[in-house]
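# Tertiary structure, described
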Amino acid sequence: MPHALFPITKFVGNIMKIPPFVLASASPARRRLLQTVGIEPIVRASDFDESQIELSEPAELVKTLAQYKAQTVAPQFESALIMGCDSVLSMNGEIYGKPPDTSEAIARWQIMQDNFGDLYTGHALIDISQNRTIVKCQVTRVYFAQMSDRAILAYVTTGEPLKCAGAFAIEGFGSFFVEKIEGCHTNVIGLSLPLLRHMLAELGYDATDFWQ
């Protein structure tokens, strides 16, 4: 059964119509980030098949995936602001998404420990009412701690690395093993709030328009 269409729900003065904010992602971390800054999104997880996209440049990969995810969800709404996101970790010329199993997660952490990588997150905003799409990428460098095999096994056993791009969550157990970052902190969690603010402004909105 198709999803119901969502109408425009909010006005600022008598000028700008503020549409519902839709998160085209099932990520609890991204939803919590938005809730932290006063945005209660409508969550519509995208069913886009990521395996269709094969790109070797991480920024282009995450931007393309973010846009496709948003586009997949957009037809469900009559008027809405649709946000799609995608994250990968780039290290030593390799691109890492979520590890498929525990053995892969352990192998990755053996490379990641005492090393650094760049966390790329693609952000796509589709404004249906304005028929506009903005796609951008944010990059944050992450430095990982030196770890013993015991620590790597203990962390992977928590199951957390299997749920995250790059096999770590800086907002969870993984924060214990991140020495420092260079760049946007929330980008590592999966959504750069400063970048989102700029993208909203580019579409003519103020971030506070979406406060609940």
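In short, a report on the structure. (Residues numbered from 1 in each chain as written. Predicted model: local features only at pLDDT ≥ 70, side-chain atom pairs only at ≥ 80, totals over all residues. Heavy atoms only, no water.)

## A few points about the packing of aromatic side chains
- In the structure shown here, the tally under the stated rule is 10 aromatic pairs.
- Residues F21 and F210 carry aromatic rings whose centres are separated by 5.8 Å and whose planes lie at 80° to one another, so their mutual orientation is edge-to-face. You can see F21 sitting in strand β3 (residues 21-23) and its partner F210 sitting in the segment after α6 (193-202), a full 189 residues away along the chain. For the pair F21 and F210, a shared accessibility class is recorded, and that class is buried.
- Each ring, one from Y205 and one from F210, has its centre 5.4 Å from the other, and the planes form 70°; the classification is edge-to-face. F210 carries the same exposure label as Y205, and that label is buried.
- Following the ring pairs from residue to residue traces out a cluster consisting of W109, F144, Y155, F168, F176 and F177.
- In this structure, K180 is placed above the aromatic ring of Y143, and the distance from its NZ or CZ to the ring centre is 4.8 Å. (Phe/Tyr/Trp six-rings, centres within 6.5 Å; stacked < 30°, edge-to-face > 60°. Helix = DSSP H or I, 4+ residues; strand = E, 2+ residues; numbered from the N terminus. Buried < 20%, exposed > 50% of the residue type's maximum accessible area, 1.4 Å probe, protein only. Lys NZ or Arg CZ within 6 Å of the ring centre and 35° of its normal.)

Read these as spatial facts, not as claims about activity.
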